[in-house]
Amino acid sequence: MEPENQIGMAVRQLQTDGYAILHEALPVSVIEQLHEDLQDDFALTPYGTGMFYGERTKRFGRLLRRSAATQCLVLHPVIQDVVSRILGPWCDRIQLNTTQAIAVHPGAPAQLPHRDQDMWQADFGKREYLVNVMWPLTPFSEENGGTRIWPQSHGSNALTAVAQDDFIAPELVPGSALLFLGSTLHGAGANASAQERRGIVIGYSLGWLKPYENPWLAYPPDIARAFPPELAALAGYVQHRPNLGNFEGQCPSILLGDYKGEPLGAIDALRPDQVQQASAFAHGRHG
């Protein structure tokens, strides 16, 4: 399928059902390399604490530092376009909300059904705040605790109760991608199998929100300096107009160049409407 057709279909499915699946989104070899790179992290990471994270589930982030293959997921061109079309009406630019690996071990109970937008106390039902992408590292099924999705539970429907047994658990294989909105009810299923269910979540949110994963701690300048510019921007090294996320009044991307700590002068980074307002005010002030 042509990329533009893929993008349009995925956007429509997200808007209609709250989720979409891209089959064969990446070569299996890319996923296998990523999985191999993360083997030690899966082995060494302790189980979570608490009923939400799961005490038979392992989670860890900072995946762009742990495997270069993560960039293929984060910068997937079709997904980038889909996310931009979904979130673009409400922000100047999107940001990376999280990169997280998850292993649901045998015996893990089902996770509390939830909406990831609830991490922010916001005005729900009128805009979307987040798009998540689940990338399986191992096959997903209902038996092994594959992600459960409640279709059409998104948007304004997020304000009403949903029958707890109306979920689906899509069967997914490595290389496919499950996209779902931050307003879509979802959760990990119970793992009744004898094998771990492993996957990667890449999340994108409105650029003016506080992200789930602190990007400057996860990827400080000495790490982000090696990122391509578009990835560094997603990881927080860019301003969101007006002047949000600045460093000494300038775009934080300055930290990825030859900045040596010298004093800087603040530079406006305003929305077009604010530029017009400031210009009109200055023109009126000076006659």
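Residues numbered from 1 in each chain as written. Predicted model: local features only at pLDDT ≥ 70, side-chain atom pairs only at ≥ 80, totals over all residues. Heavy atoms only, no water.

**Here we look at helix α10 (residues 272-285)**
Here is step 1 of the chain: In this model, α10 (14 residues) spans 20 Å end to end at C-alpha, consistent with the 20 Å of a helix rising 1.5 Å per residue.
Here is step 2 of the chain: Little of α10 sits out of view: just one of its 14 residues are buried. (Helix = DSSP H or I, 4+ residues; strand = E, 2+ residues; numbered from the N terminus. Expected span 1.5 Å × (residues − 1). Buried < 20%, exposed > 50% of the residue type's maximum accessible area, 1.4 Å probe, protein only.)

**Some words on the layout of surface pockets**
Here is step 1 of the chain: The calculated volume of the largest pocket comes to roughly 420 Å³.
Here is step 2 of the chain: Lining the largest pocket are 25 residues, with Arg59, Gln100, His114, Asp116 and His186 sitting closest to its centre.
Here is step 3 of the chain: Every element with two or more residues in the lining of the largest pocket is listed here: β3 (94-104), β4 (130-136), β7 (186-188) and β8 (197-206).
Here is step 4 of the chain: Across the lining of the largest pocket, the residue classes break down as eleven nonpolar, nine polar and five charged. (1 Å grid on protein atoms, 1.4 Å probe; cavity = no way out; pocket = protein on both sides within 12 Å on 5 of 7 lines; lining within 4 Å. Points joined across faces, edges and corners; volume = space filled by probe spheres on them. Nonpolar A, V, L, I, M, F, W, Y, C, P; charged D, E, K, R; others polar.)

**Quick notes on the pattern of salt bridges**
Here is step 1 of the chain: Under the criterion given, the structure shown has six salt bridges.
Here is step 2 of the chain: For Asp123, the salt bridge goes to Lys126, with nearest N and O atoms at 3.6 Å. (Salt bridge = Lys/Arg side-chain N within 4 Å of Asp/Glu carboxyl O.)

**Details of the packing of aromatic side chains**
Here is step 1 of the chain: For the structure shown, the criterion picks out seven aromatic pairs.
Here is step 2 of the chain: Ring geometry for Tyr219 versus Phe227: centroids 5.6 Å apart, planes at 65 degrees, classification edge-to-face. For the residue pair Tyr219 and Phe227, the accessibility class agrees, reading buried in each case.
Here is step 3 of the chain: Arranged with centres 5.7 Å apart and planes meeting at 80 degrees, the rings of Phe247 and Tyr259 form a pair that is edge-to-face. (Phe/Tyr/Trp six-rings, centres within 6.5 Å; stacked < 30°, edge-to-face > 60°.)

**Considering helix α1 (residues 3-17)**
Here is step 1 of the chain: A rise of 1.5 Å per residue sets the reference length of α1, with its 15 residues, at 21 Å; its end C-alpha atoms lie 21 Å apart and thus fit the reference within 8%.
Here is step 2 of the chain: Within α1, burial applies to Ile7, Gly8, Ala10, Val11 and Leu14. An end-on view of α1 places all buried positions within 165 degrees of arc, on one side of the element.
Here is step 3 of the chain: If you follow the buried residues of α1, they end up packed against β1 (19-22), α6 (77-87) and β6 (177-181).
Here is step 4 of the chain: Positive backbone phi, approximately 85 degrees, marks Gly18, located one or two places after α1. (Arc of directions from axis to C-beta. Contact = heavy atoms within 4.5 Å.)

**Observations concerning the nonpolar core**
Here is step 1 of the chain: Ranked by internal contacts, the top residues of the largest apolar core, which has 56 residues, are Ile79, Val82, Trp135, Ile200 and Tyr204.
Here is step 2 of the chain: It is α6 that provides the largest number of residues to this core, a total of six residues.
Here is step 3 of the chain: Leave out the neighbours within four places in its chain, and Ile79 touches Leu22, Val133, Trp135, Ala177, Leu179 and Tyr204.
Here is step 4 of the chain: Core analysis: the second largest hydrophobic core is formed by twelve residues, Ile102, Ala108, Phe180 and Ala188 among them. (Core = buried A, V, L, I, M, F, W, Y, C linked by side-chain atoms within 4.5 Å.)

**Digging into the environment of Ala169**
Here is step 1 of the chain: Mapped onto the fold, Ala169 is located in the loop between β5 (147-149) and β6.
Here is step 2 of the chain: The class of Ala169 is buried, set by a relative accessible area of 17%.
Here is step 3 of the chain: The spacing of Ala169 and Ala108 is 61 residues in sequence and 16 Å in space, taken between C-alpha atoms.
Here is step 4 of the chain: Excluding residues that lie within four positions of it along the chain, Ala169 makes contacts with Glu142, Gly146 and Thr147.

These figures come from the coordinates and say nothing about function on their own.
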